[in-house]
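Inside the fold
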Amino acid sequence: MYSGFYQHEIASNLLNAEKLFQAMGYQLMPNRTLVQEGPICPDQVMNVARDAITAYVECQMMKRIYNELKVLRLSIAWIDIYNFRSYHAGN
């Protein structure tokens, strides 16, 4: 977790990125390193990948809502869009 790649590409773009690695089977050690003991479980990795794609699509939908409201000169906070999407899931 202290390598340049991890710090610049992963930690700087994802909050609590170590939780994603833990979901894929890595263990967070007391010295803040991630260790994979044994073979990687394809099912765990696929679950994380599916969740990441779902989150990406949801972010794109929220961005579209924000931009459409901006064109209408309506000001809204991201948290309001998130809350609306949480309560009104669908198309």
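Structural data are supplied above this passage.
A short tour of the structure in this document, coming up. Just so it is clear, the model here is predicted, and its values are computed rather than measured. All residue numbers refer to position in the chain's written sequence, counted from 1. At least 70 in pLDDT is required for a residue's local features to be given in this predicted model, at least 80 for side-chain atom pairs to be given and counted, and no such filter applies to totals for whole chains, interfaces and linings, which use all residues. Excluding hydrogens and water, the side-chain values take into account all heavy atoms of the structure.

1. What to know about the overall build of the protein chain
To qualify as a helix, a DSSP run of H or I must reach at least 4 residues; to qualify as a strand, a run of E must reach at least 2; elements of each kind are numbered from the N terminus. Across its full length, the protein chain carries four helices and two strands. For the protein chain, the C-alpha radius of gyration of 17 Å lies well beyond 12 Å, the compact-globule estimate for 91 residues. Projected onto its principal axes, the C-alpha positions of the protein chain cover 55 × 30 × 20 Å. By residue count, 12% of the 91 residues in the protein chain fall in the buried class. Throughout, radius of gyration means the C-alpha value; the globule benchmark is 2.2 Å times the number of residues raised to the power 0.38. To sort residues, take the accessible area from a 1.4 Å probe on protein chains only and compare it with the maximum for the residue type: under 20% means buried, over 50% means exposed, and anything in between is partly exposed.

2. Structural notes on the nonpolar core
Remark: nonpolar core denotes a set of buried residues (Ala, Val, Leu, Ile, Met, Phe, Trp, Tyr, Cys) joined through side-chain atoms within 4.5 Å. In this structure, Met1, Tyr6, Ile10, Ala17, Phe21, Met24 and Val48 together form the largest nonpolar core, which totals seven residues. Two residues qualify as a contact provided that any one of their heavy atoms is within 4.5 Å of a heavy atom in the partner residue. In this structure Ala17 touches Tyr6 and Ile10, once residues within four positions along its chain are discounted.

3. Overview of the environment of Leu69
Inspection of the secondary structure puts Leu69 in helix α3 (residues 42–71). Taking the C-alpha atoms as reference points, Leu69 and Asp80, 11 residues apart in sequence, are found 12 Å from one another.

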